[in-house]
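If you want the building blocks of each chain, they are given just below.
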Amino acid sequence: MQVLNAVLYVIVIGFFVYWGGSWLYYWMKGRSMGGSMDQKTFEETMRKAQIVDLREKNAFDAKHILGARNLPYSQLKYNEGELRPDLPVYLYSDNKNMCVRAALKLQNKWGFTDVKWLEDRFVDWEGKTKKTTKI
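Parameters at a glance
Residues numbered from 1 in each chain as written. Predicted model: local features only at pLDDT ≥ 70, side-chain atom pairs only at ≥ 80, totals over all residues. Heavy atoms only, no water. Helix = DSSP H or I, 4+ residues; strand = E, 2+ residues; numbered from the N terminus. Buried < 20%, exposed > 50% of the residue type's maximum accessible area, 1.4 Å probe, protein only. Contact = heavy atoms within 4.5 Å. Pairing = 2+ DSSP bridges. Axes fitted to C-alpha atoms, helices over the stretch in contact; angles between N-to-C directions. Salt bridge = Lys/Arg side-chain N within 4 Å of Asp/Glu carboxyl O. Right-handed = clockwise from strand over helix to strand, strands pointing away. Core = buried A, V, L, I, M, F, W, Y, C linked by side-chain atoms within 4.5 Å.

Observations regarding the environment of Lys128
- Within the element layout of this structure, Lys128 appears in the loop between strand 6 (115-118) and strand 7 (129-130).
- Residue classification places Lys128 among the exposed positions, given a relative accessible area of 58%.
- A C-alpha to C-alpha distance of 5.8 Å links Lys128 and Leu66, two positions 62 residues apart in sequence.
- The residues touching Lys128, leaving out its near neighbours within four places in the chain, are Glu43, His64, Ile65 and Leu66.

Okay, here's the thing in structure tokens:
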């Protein structure tokens, strides 16, 4: 019984170390990349960029930033060809670390040079939005 408790303890501690380390890694990577944008800057400059909503389709359909296209993070590797690498890419989601991970993929794997993301989560967005499904 004590061995089982010790194993469970190690598993739980390992999970929290992995989760915390992963969060810390992407937080530090995001800071070093310098791609975080506040809402005001995002909204003022987004007309010159490709706006990408990384959330799943049902969340996008419910409400999204006006002018955004939906490329869910889970499908990004299959759809990155839909984006032009010569234009800025602005990302947003309900999870900032997801934006940083997507930015890293776009820059490191596919050669995008100008990738930014919304500093706040989408639920905090105060700019213009659009709904594509009826409630």
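Let's pick the thread back up.
Quick word on the sheet that holds strand 2 (residues 50-53)
- Here five strands make up an open sheet; going across it, the order is 1-6-5-2-4 and the pairing parallel. Each having just a single partner strand, strand 1 (36-37) and strand 4 (69-70) make up the two edges of the open sheet.
- Pairing between strand 2 and strand 5 (residues 89-92): four bridges, direction parallel. Its bridge partner lying in strand 5, Asp53 is registered against Tyr92.
- Along the sheet, helix 5 (residues 96-108) makes contact with strand 5 and strand 6, crossing strand 6 at roughly 170 degrees.

Some points on the pattern of salt bridges
- The tally for this structure, following the rule as stated, stands at five salt bridges.
- With its nearest N and O atoms 2.7 Å apart, the salt bridge here joins Arg55 to Asp53.
- Using a relative accessible area of 9% as the deciding quantity, one classes Arg55 as buried.
- Of the residues examined, Asp53 reaches a relative accessible area of 0% and is grouped as buried.
- Among the salt bridges present, the one from Asp61 reaches Lys57, with a minimum N-O distance of 2.9 Å. Within this pair, Asp61 and its partner Lys57 are both found in helix 3 (residues 57-62), separated by four residues, close to a single helical turn.
- Relative accessible area serves as the criterion here: at 15%, Asp61 is assigned to the buried category.

Quick word on the pairing of strand 5
- Side-chain alternation along strand 5 places Val89 and Leu91 on one buried face and Tyr90 and Tyr92 on a second face that is also buried.
- By the bridge criterion, three bridges tie strand 5 to strand 6 in an arrangement that is parallel. The residue of strand 6 that forms the bridge with Tyr90 is Lys116.
- Handedness of the strand 5-helix 5-strand 6 crossover: right-handed.

As for the nonpolar core
- Counting 18 residues, the largest nonpolar core has Val52, Leu54, Leu83, Val89, Leu91, Leu106 and Val115 as its most contacted members.
- Secondary-structure elements contributing two or more residues to this core are strand 5, helix 5 and strand 6.
- For this core, the element with the highest residue contribution is helix 5, accounting for seven residues.
- When near neighbours in sequence (up to four residues on either side) are disregarded, Leu106 contacts Leu83, Val89, Leu91, Gly111, Phe112 and Val115.
- If you look at the next biggest cluster of nonpolar residues, it comprises 13 residues, including Met37, Met46, Ala49 and Leu118.

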